[in-house]
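Geometric and topological summary
Now for the letters of each chain:
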Amino acid sequence: MIRIIDTEMEHTLSEYASDLVLRESVQEMQSGVAKIVEALDDRTVWMVNSTASGGGVAEMMPKLIGLLRTLGIEAKWAVIDVDEPAFFEFTKDIHNLLHGVGDPDIVDQERILYEQASRSVADELSGRLSNEDILVVHDPQPLAAGAMVVEELGIPSIWRCHIGSEQQSEKSQAAWKFLQPWIQDYDRTVFTLPTYVPQLFRDDSNIIPPAIDPFSAKNRRLKTQEVADILTRAELITTNHPTESFDMPARRLQADGTFAPATEPDDLGLLFRPIVCQISRWDSLKGFIPLLRGFVQLKRDIGEFAPVATGDSEIPSEQAAGQAPNGGEQITTNGDADMRESVRTDAHQRRIDHAKLVLVGPDPSSVADDPEGQEALEAIEDAWHSLDPAIQEDVAVIVMPPDQHESALVINALQRCATVVAQNSIREGFGLTVTEAMWKRAVLMGSDTGGIGVQIRDGEDGLLVPDAADPTSVAKTLDAVFADAERWDTWSHNAQRRVADNYLIFEQVTRWLDTISTLVQS
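This is a predicted model, so every value here is computed, not measured.

A closer look at the overall build of the protein chain
On a plain count of helices and strands, the protein chain comes out with 19 helices and 17 strands. Relative to its length of 522 residues, the protein chain is compact, with a C-alpha radius of gyration of 24 Å against a globular reference of 24 Å. Scored against the burial criterion, the 522 residues of the protein chain give a buried share of 58%. Of all intrachain contacts in the protein chain linking residues separated by at least 6 positions in sequence, the fraction that spans at least 24 positions is 72%. Total accessible area computed for the protein chain in this model is approximately 21,800 Å², and 44% of it derives from carbon and sulfur atoms.

Okay, here's the thing in structure tokens:
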């Protein structure tokens, strides 16, 4: 029922500090937490969540645990194992309700299942903890088990919720009502954004945004040759030169419904064409299908869309006079205040004509706590198969290698070679895929929801889709991104700076230790 995940820090603090971009962040963390580390002597901090692979929580945990240990804190990572699939189906329903989606009626059978599984987990977990330990539980899956341990041992405790919705609804309130009896047993709660905190918990809550490790396989710098090598080994690009492939490379959806190497039936042109790429878990809330339909609409109805200007760039004098430079066609947009007259240049037209959309996600079987992954992928497959064969050639559905390290490298390479990295989530807790792409100085198009709208400042770090569920809204925003190529460098520079200032793991560790220290001092 409980697995202890052994993890070691891959890099020393000295190695991080040797990077000129990171040095200041590392030094601020070390000086800011020194007294807290001393106060936590002889205490063990336990982090408990539901899976060791797949999703942002599992990805952050090794880095968080590793840094805490490097700073001198005894930290352990435990993952709950529940053999009953219905347990994770129910907690996924709760996850969706917290996002405001799903059936709000929770029946007694579901409550009983959740409590019984939690009791078994709690019995084993409590036997591993001492009265001096500090318990940090992540998300709804292990929530009740952690509360049972707290009640038995009386240890300091925190519940960390990574999901939520800016707008409370009947559905989200049903989930909070179900979770509340267990949440109130914890000393403090931690949320991703202030807007996610229900009124009931605002007096005892802290805000800790997720963060990335800049040296991880998914985020470390890659030379051009490394990008090409990774894509070749994953069978995402083809070459006549001698190479080696991963044991289980990436796979691409084929016309007959099977998955084959991504170079079949032809090479995608990842290194040469304008590529729009979204990488996420297969989940209906990630907005894959509206993104696909918006891309198709843009390619089909290219003349109907005009760029959406969200910044202060000047309109060329010939444009102001109603003339289109570079042979482009003058287009006038009407409606929203952020839309203005713009010009469709030949270069803008070519970007769209040659663009391809690449939708990428993990092997659904590799994400243990997300039973809806296969169903969501099949819905995307159906949407792709319904496309006209001519447009099918411009859309690729890719399943990443199942090996976690190889998959991380593939994500890194894809985000670095993509022309535009999209994250069109209909609902989103935070969106680490956005953070990762911002760190790599990618050109961003994200939906205006949850943490995505907090990270991407519209017109400064990229562009936001006003309505991610509406393909037309997606198409117009993507058209605007392709139109504003002269601002891509500014957006990408601003994006990387924003991550460096706010969303690196050093800042996250400092916030965690500040929060934990309040339990020790109280």
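Digging into the pattern of salt bridges
Under the defined criterion, the tally for this structure stands at 22 salt bridges. Between Lys-63 and Glu-10 there is a salt bridge, with the nearest N and O atoms lying 3.4 Å from each other. Here Lys-63 is found in helix H3 (residues 56–70), whereas its partner Glu-10 is found in the loop between strand E1 (2–4) and helix H1 (13–17), with 53 residues between them in sequence. Relative accessible area serves as the criterion here: at 54%, Glu-10 is assigned to the exposed category. A salt bridge links Asp-461 to Arg-457; its shortest N-O distance comes to 2.8 Å. Under the relative-accessibility criterion, Arg-457 is labelled partly exposed at 31%. Overlapping salt bridges bring together Glu-10, Lys-63 and Asp-213 as one network.

Observations concerning the sheet that holds strand E3 (residues 74–80)
Here we have seven strands laid out as an open sheet, ordered E1-E3-E2-E4-E5-E6-E7, and mixed in their pairing. Each end of this open sheet is capped by a strand with a single partner; those strands are E1 and strand E7 (205–207). With direction set aside, neighbouring strand axes in the sheet form an average angle of 25°. As judged from the four bridges shared by strand E5 (residues 157–161) and strand E6 (residues 188–191), these two strands associate in the parallel manner. From the neighbouring strand, Trp-159 faces E6, where its bridge partner is Thr-189. Strand contacts of helix H7 (residues 170–183): E5 and E6, with the helix running at about 160° to E5, the strand carrying the most contacts.

Remarks on the sheet that holds strand E10 (residues 275–279)
One open sheet holds the eight strands; their spatial order is E9-E8-E14-E13-E10-E15-E16-E17, and the pairing between them is mixed. One side of each edge strand has no neighbouring strand; the edge strands of this open sheet are strand E9 (259–260) and strand E17 (462–465). Pairing between strand E8 (residues 251–253) and strand E14 (residues 395–399): two bridges, direction antiparallel. Counterpart to Arg-251 in the pairing with E14 is Val-399. Against the sheet, helix H12 (residues 373–385) contacts E8, E9, strand E13 (356–361) and E14, and its axis sits at roughly 155° relative to E14. Along the sheet, helix H17 (residues 471–483) makes contact with E10, strand E15 (420–423), strand E16 (444–447) and E17, crossing E17 at roughly 170°.

A few points about the nonpolar core
Counting 87 residues, the largest nonpolar core has Leu-236, Leu-270, Leu-414 and Leu-513 as its most contacted members. For Leu-236, the contacting residues outside a window of four places in its chain are Leu-231, Ala-250, Ala-262, Thr-263, Asp-267, Leu-270, Ile-398, Val-410 and Leu-414. Core analysis: the second largest hydrophobic core is formed by 45 residues, Ala-78, Val-82, Phe-87 and Val-137 among them.

Parameters and conventions
Residues numbered from 1 in each chain as written. Predicted model: local features only at pLDDT ≥ 70, side-chain atom pairs only at ≥ 80, totals over all residues. Heavy atoms only, no water. Helix = DSSP H or I, 4+ residues; strand = E, 2+ residues; numbered from the N terminus. Rg over C-alpha atoms; globule rule 2.2 N^0.38 Å. Buried < 20%, exposed > 50% of the residue type's maximum accessible area, 1.4 Å probe, protein only. Contact = heavy atoms within 4.5 Å. Areas by Shrake-Rupley, 256 points an atom, 1.4 Å probe, with all protein chains shown as cover. Salt bridge = Lys/Arg side-chain N within 4 Å of Asp/Glu carboxyl O. Pairing = 2+ DSSP bridges. Axes fitted to C-alpha atoms, helices over the stretch in contact; angles between N-to-C directions. Core = buried A, V, L, I, M, F, W, Y, C linked by side-chain atoms within 4.5 Å.

Nothing here speaks to function; it is geometry throughout.
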